[in-house]
Amino acid sequence: MVSRAEPSLSGRWWWSIDRLILSALVALMVSGVVLLMAGGPPVSERLGLSTFHFVNRQAVYLLVALTVVVAVSFMTPRQVRRSALLLFVVSLAMVVATLYLGVEVKGARRWLTMGPLGSVQPSEFLKPAFVVLAAWAFAEGTRRPDLPGTIMAFLLLPLTIVPLVLQPDFGQTMLITLVWAGLFFVAGLHWFWVLGLGGAGAFGILVAYQLVPHVRARIERFMDKGSGDTFQVDTALESFAQGGWLGKGPGEGTVKRILPDAHTDFIFAVTAEEFGIIVCIALVMLFALIVLRALFVAQKAEDPFVRLATTGLSLLFGIQAAINMMVNLHMMPAKGMTLPFISYGGSSLISLAIGTGFLLALTRKRPRAVDLGAFRR
């Protein structure tokens with residue numbers, strides 16, 4: 001054990017970090033490897049790869065992700081802001097580059113080939129950076145009326161989502177917009193604007209339905225199963241039915257062998273088949289623990305930036321998890337959203353590590369005088 005009197009950097013970090021959030025994150029990472037051992041092999045076999053191809057790669061990604069989480073959590077709020085700004089500029093430039101240089105997959109350009117690093121999805125890294133910058137803009141708007149912080153926050157949203165719409169990536173666009181709206185509400189702006197934003201969002205969905213064929217197809221399949229191919233969703237629901245409360249047991253699942261994207265978008269359904277609904281509920285509780293604990297800490301924060309950034313990052317984490325699970329349960333149209341730290345994917349894992357690292361950095365306990373002094377500098 002590290003003593004509270006330990007003056008080293010690691011000692012101060014250990015006694016100031018929110019160990020409840022950190023423990024829950026580590027539990028999710030370990031669960032991700034275990035659950036991918038159920039969902040990864042069938043996909044590997046279909047693609048002619050080694051049985052544990054995705055599991056082995058995920059283990060490497062998770063080691064990198066854990067390192068990133070710990071390293072980023074050492075940052076001060078000021079360093080979080082600066083890092084987020086740098087990450088935002090680089091990620092936004094890469095998102096724009098995908099429109100011209102990206103690899104086209106299923107009619108969308110979301111990936112850039114980075115040589116030995118493989119394919120990277122820049123929009124994943126854009127999300128945590130956007131949330132921190134939006135929180136900073138809203139905080140400055142409420143704290144210093146002489147600065148156009150609220151206007152900056154309003155301009156930041158279209159600057160971020162327009163390139164995503166052009167890719168097109170409506171799942172990430174919807175996620176970012178929902179989190180931004182949540183920050184808007186928490187910042188204390190008038191209900192008139194909240195209702196206006198809701199109307200604008202509904203209008204945007206209507207426009208996408210009318211103009212984008214694959215968006216229309218997904219919504220129609222969700223509303224009416226007879227309107228198109230619903231194989232993925234039907235198979236996912238069958239996984240829940242087959243697994244029941246306690247599941248069939250590790251390696252005993254059969255529906256997963258025909259379930260597309262069993263290692264990514266639909267790993268929650270694979271979990272239900274092999275480990276049962278009980279384990280799915282435990283996962284939901286882990287996600288809820290992280291989000292609720294972060295919101296509790298945010299509520300007590302005196303600095304507006306820390307309060308808003310912590311709220312935004314926890315919403316980003318929680319809404320992404322909720323969207324993935326709701327798609328698996330056919331509670332909303334398919335969105336192609338990963339389940340945080342559970343689904344396979346390098347870009348997703350590292351971006352989540354950065355976001356949760358920011359979250360841990362902002363929720364660390366700091367002496368009040370030091371904390372306020374850091375913000376005034």
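Heads up: these notes are all about the structure in this document. (Residues numbered from 1 in each chain as written. Predicted model: local features only at pLDDT ≥ 70, side-chain atom pairs only at ≥ 80, totals over all residues. Heavy atoms only, no water.)

**Structural notes on the nonpolar core**
Item 1. Leu28, Phe130, Phe317, Phe341 and Phe358 are the most contacted members of the largest nonpolar core, which has 96 residues in total.
Item 2. Take this core: its biggest share by element is 13 residues, from helix H11 (residues 267-300).
Item 3. Contact partners of Phe317, with chain neighbours within four places excluded, come to Leu25, Leu28, Phe287, Ile290, Val291, Pro340, Phe341, Leu352 and Thr356. (Core = buried A, V, L, I, M, F, W, Y, C linked by side-chain atoms within 4.5 Å. Buried < 20%, exposed > 50% of the residue type's maximum accessible area, 1.4 Å probe, protein only. Helix = DSSP H or I, 4+ residues; strand = E, 2+ residues; numbered from the N terminus. Contact = heavy atoms within 4.5 Å.)

**Here's the deal with the environment of Ser239**
Item 1. As for its placement among the helices and strands, Ser239 is situated in helix H10 (residues 231-243).
Item 2. With relative accessibility at 0%, the residue Ser239 sits in the buried group.
Item 3. Taking C-alpha positions, Ser239 is 8.5 Å from Glu274, a pair spaced 35 residues apart along the chain.
Item 4. The contact partners of Ser239, leaving out residues within four places of it in the chain, are Val255, Leu259, Ala269, Ala272 and Glu273.

**Digging into H10**
Item 1. The end-to-end C-alpha distance of H10, which contains 13 residues, comes to 18 Å, matching closely the 18 Å that a straight helix rising 1.5 Å per residue would cover.
Item 2. On the buried face of H10, the contacting elements are H11 and helix H12 (304-328).
Item 3. Remark: Gly244 follows H10 within two positions and exhibits a positive phi of approximately 65°. (Expected span 1.5 Å × (residues − 1).)

**What to know about the sheet that holds strand S3 (residues 119-120)**
Item 1. Overall, antiparallel pairing links the three strands, which are arranged S1-S2-S3 in an open sheet. If you trace the sheet from one side to the other, it starts and ends with strand S1 (103-105) and S3, each paired once.
Item 2. In this structure, S1 lies alongside strand S2 (residues 108-113), joined through three bridges in antiparallel fashion. Counted as the bridge partner of Glu104 is Arg109 from S2. (Pairing = 2+ DSSP bridges.)

**A closer look at unusual backbone geometry**
Glycine aside, a negative phi is what most residues show, and trans is what most peptide bonds show.
Item 1. In this chain, Gln167 is followed by Pro168 through a cis amide linkage whose omega measures -10°.
Item 2. Note on placement: Pro168 falls in the loop between helix H6 (149-166) and helix H7 (170-186).
Item 3. Even without being a glycine, Asp261 presents a positive backbone phi close to 55°.
Item 4. Tracing the chain through its elements places Asp261 in the loop between H10 and H11.
Item 5. Unusually for a residue other than glycine, Phe341 sits at a positive phi of about 65°.
Item 6. Residue position: Phe341 is located in the loop between H12 and helix H13 (346-362).
Item 7. Overall, Phe341 belongs to the buried group, its relative accessible area being 0%.

**A short note on a nonpolar patch on the surface**
Item 1. There is a patch of nonpolar side chains on the surface, built from Trp245, Leu246, Ile278, Ile281 and Met285 and spanning about 590 Å² of accessible area.
Item 2. Among the structural elements, Ile281 can be located in helix H11.
Item 3. A relative accessible area of 38% places Ile281 in the partly exposed class. (Patch = residues over 30% accessible without salt bridge, like charges linked within 9 Å, V, L, I, M, F, W, Y side chains within 5 Å. Areas by Shrake-Rupley, 256 points an atom, 1.4 Å probe, with all protein chains shown as cover. Salt bridge = Lys/Arg side-chain N within 4 Å of Asp/Glu carboxyl O.)

Honestly, that's just the spatial picture; any functional story needs more than this.
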